[in-house]
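Secondary and tertiary structure notes
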Amino acid sequence: MSATTTSRADARAITHRPLGAVAASRVGYEVKSYFRSLDTVFFTFLFPLIMLSIFSAAFSSSGDITAGPNEEGISVAAYYLPGMLAAGMLLSGVQNLAVDIAMEKSDGTLKRLGGTPLSPTAYFLGKMGQVFVTGIAQAALLLVVAVVVLDISLPTEASSWLTFAWVFVLGVITSALLGIALSALPRSGRSATAVVVPILLILQFISGVYLQFYALPEWMQNIASILPLKWMAQGMRAVFLPEEFAALEQNGVWDLGAVGIALLVWLVIGVVVSRITFRWIRRDA
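Everything numeric here is computed off the predicted structure, so don't read it as measured data.

Turning next to helix α12 (residues 256-277). Side chains that are three or four residues apart share a direction in an α-helix, a result of its 3.6 residues per turn. Compared with the 32 Å implied by 1.5 Å per residue over 22 residues, the 31 Å span of α12 between its first and last C-alpha is a close match. Taken together, the buried positions of α12 are A258, V259, G260, A262, L263, W266, L267, G270 and S274. Of the surrounding secondary structure, the elements contacted by the buried residues of α12 are α8 (158-182) and α11 (228-240).

Time to look at the pattern of salt bridges. Going through the model one piece at a time under the given rule, you end up with five salt bridges. R237 serves as the salt-bridge partner of E249, at 2.7 Å between the closest nitrogen and oxygen. With E249 in the loop between α11 and α12 and R237 in helix α11, the pair connects residues that are 12 residues apart, well separated along the chain. Here E249 falls in the buried class, since its relative accessible area comes to 7%. Salt bridges sharing partners connect three or more residues here, namely R26, E30, D100, E104 and K127.

Applying the stated criterion across every chain, the model contains 18 aromatic pairs. Arranged with centres 6.4 Å apart and planes meeting at 35°, the rings of F43 and F47 form a pair that is tilted. Classification of F43 as partly exposed rests on a relative accessible area of 44%. Judged by its relative accessible area of 19%, F47 falls in the buried class. Through a chain of ring-to-ring contacts, the aromatic side chains of F55, F59, Y79, Y80, F205, Y210, Y214 and F245 assemble into a single cluster.

Definitions and limits used
Residues numbered from 1 in each chain as written. Predicted model: local features only at pLDDT ≥ 70, side-chain atom pairs only at ≥ 80, totals over all residues. Heavy atoms only, no water. Helix = DSSP H or I, 4+ residues; strand = E, 2+ residues; numbered from the N terminus. Expected span 1.5 Å × (residues − 1). Buried < 20%, exposed > 50% of the residue type's maximum accessible area, 1.4 Å probe, protein only. Contact = heavy atoms within 4.5 Å. Salt bridge = Lys/Arg side-chain N within 4 Å of Asp/Glu carboxyl O. Phe/Tyr/Trp six-rings, centres within 6.5 Å; stacked < 30°, edge-to-face > 60°.

What follows is the structure, encoded as structure tokens:
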């Protein structure tokens, strides 16, 4: 379907319809478009699962990971699962939306949508709804593979799953808003992947996703603590790792209050920057 045809369909669909119905229609369209793009599915949806499988296969021979001497250990896969869940939120929100919106700016899709009755609010809700749908599916797939294939024991306490729920929801919303904000950085759709992916790759290495956070230099931990992914990963570790592993965190505790505050701060930053930078067309167009 061409972009022009899509824009005309959007215009017909949203005339005289309430915002909720328009947003729901956009969510459906965005989800379908997401899964039709094979490179997006591989590098955002399946990538955390692939990396978890690689890490489990590559490092399982080194034995279990422990929080200290004489402590009971957990498998490599169990240790890296929280980080991969956090990375999934980041990739589904920031990488996916930053690249996708930059492409839509570059190819004129946003300009055409700007000429329809579609409001920026409905457009944003469609994008964020897509991130929620794909993020939930991705997390569910990770957890199923963790249990069935990697033999990882999941928490049984309701409180742990409540923590998972609010960290996940807050992390996904924050990631989606930061993705919208970051979409203003690439100067063209062609350069979007080259601009966005290296930033997020570095962020994953310093935030305890691919490397054990407690083993990183203190200065690197301090830098990561300014950024949102470290807090998403810490929140997920609080859910899925044994309590004694809290001693390995930067301050020796899970500090879920700080997790919530940090993510809320970045959520506000995402809202403000998105509001300032988003346009239906590029500034230089």
